[in-house]
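Single-letter residue listing:
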Amino acid sequence: MKRDIFQAIADPTRRAILVLVSANALTPNAIAEQFNTTRQAVSKHIKILNECELLDEKKVGREIYYQLKIEKMKEVDQWLEQFKKIWESRFSQLDQVLINLKSKKNEI
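1. Some words on the overall build of the chain
Looking only at helices and strands, one finds five helices and two strands in the chain. Listing every helix and strand of the chain by position from the N terminus yields α-α-α-α-β-β-α. Its C-alpha atoms give the chain a radius of gyration of 21 Å, clearly above 13 Å, the size a compact globule of 108 residues would have. Projecting the C-alpha coordinates of the chain onto the three principal axes gives extents of approximately 75 × 25 × 25 Å. The buried share of the chain, taken over its 108 residues, is 23%. Look at the contacts in the chain between residues 6 or more apart in sequence, and 50% of them connect residues 24 or more apart. With the model as given, the accessible surface of the chain reaches about 8200 Å², and the carbon-plus-sulfur share is 52%. When the 19 basic and 15 acidic side-chain charges of the chain are each reduced to a single mean position, those positions are 3 Å apart.

Written as structure tokens, this is what we have:
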């Protein structure tokens, strides 16, 4: 079952896991050590991230290493880009309003 990527990244623990594995490939145990929770709870988070294709999984001997799948995060960034443009436009408009208010205040 493929999960919704935005529901996956909505959870703060999963976002923290993504930050951890963005720098280095880590085993589930190494990831779990970073949290004040059970290994089983972290495994559930990893499973969800894996189902959303946000993690690359590499087996080395008996260990599994997880690393961030950058390509998938780029998809999220591209989707968010449309909103960034809207926000930037609105901030520019707000800047202009503030400049106008300041100049009117100085005229008085």
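2. Examining the packing of aromatic side chains
Remark: the centre distance and the inter-plane angle together describe each pair of aromatic rings, the angle taken between the planes. Evaluated as defined, the whole model comprises three aromatic pairs. Each ring, one from F6 and one from W79, has its centre 4.8 Å from the other, and the planes form 50 degrees; the classification is tilted. On the criterion of sequence distance, the pair formed by F6 in helix α1 (residues 5–10) and W79 in helix α5 (residues 70–107) is long-range, its members being 73 residues apart. Exposure remark for F6: the relative accessible area of 30% places this residue in the partly exposed category. Three or more aromatic residues link up through ring pairs in this structure, and these residues are F6, W79, F83 and W87.

3. Focus: the side chain of R14
Inspection of the secondary structure assignment puts R14 in helix α2 (residues 12–23). As a buried residue without a salt bridge, R14 has its nearest oppositely charged side chain in D11, at a separation of 4.2 Å. With near-sequence residues (within four places) excluded, R14 lies in contact with Q7, A8, H45, I48 and L49.

4. Remarks on the pattern of salt bridges
The final tally for this structure, using the stated rule, is six salt bridges. The structure contains a network of salt bridges with shared partners spanning E53, K72 and E75.

5. Some thoughts on α5
Between the first and last C-alpha of α5 there are 53 Å, a value that for 38 residues agrees with the 56 Å anticipated at 1.5 Å per step. For α5, the principal kink sits at E81 and spans about 30 degrees.

6. Here we look at the environment of W87
With respect to the helices and strands, W87 occurs in helix α5. On the basis of relative accessible area, W87 is assigned to the partly exposed category, the value being 45%. On a C-alpha basis, the gap between W87 and R3 in space is 28 Å, while along the polypeptide they are 84 residues apart.

7. With respect to the pairing of strand β1 (residues 55–60)
Both β1 and strand β2 (residues 63–68) contribute to a ladder of six bridges, which runs antiparallel. Bridge pairing in β2 places K58 opposite Y65. Between β1 and β2, which pair antiparallel in sequence order, lie two residues; one of them, G61, sits at a positive phi of approximately 65 degrees.

8. Overview of a nonpolar patch on the surface
Where nonpolar side chains cluster on the molecular surface, the patch consists of I86, W87, F91, L94, V97, L98 and L101 and spans about 700 Å² of accessible area. Mapped onto the elements of the fold, L94 is located in helix α5. Residue L94 is classed as partly exposed on the basis of its relative accessible area, which comes to 43%.

Cut-offs and rules
Residues numbered from 1 in each chain as written. Predicted model: local features only at pLDDT ≥ 70, side-chain atom pairs only at ≥ 80, totals over all residues. Heavy atoms only, no water. Helix = DSSP H or I, 4+ residues; strand = E, 2+ residues; numbered from the N terminus. Rg over C-alpha atoms; globule rule 2.2 N^0.38 Å. Buried < 20%, exposed > 50% of the residue type's maximum accessible area, 1.4 Å probe, protein only. Contact = heavy atoms within 4.5 Å. Areas by Shrake-Rupley, 256 points an atom, 1.4 Å probe, with all protein chains shown as cover. Lys, Arg positive; Asp, Glu negative; His and termini not counted. Charge placed at Lys NZ, Arg CZ, Asp CG, Glu CD. Phe/Tyr/Trp six-rings, centres within 6.5 Å; stacked < 30°, edge-to-face > 60°. Salt bridge = Lys/Arg side-chain N within 4 Å of Asp/Glu carboxyl O. Expected span 1.5 Å × (residues − 1). Bend = angle between axes of the 7 residues up to and from the residue. Pairing = 2+ DSSP bridges. Patch = residues over 30% accessible without salt bridge, like charges linked within 9 Å, V, L, I, M, F, W, Y side chains within 5 Å.

These figures come from the coordinates and say nothing about function on their own.
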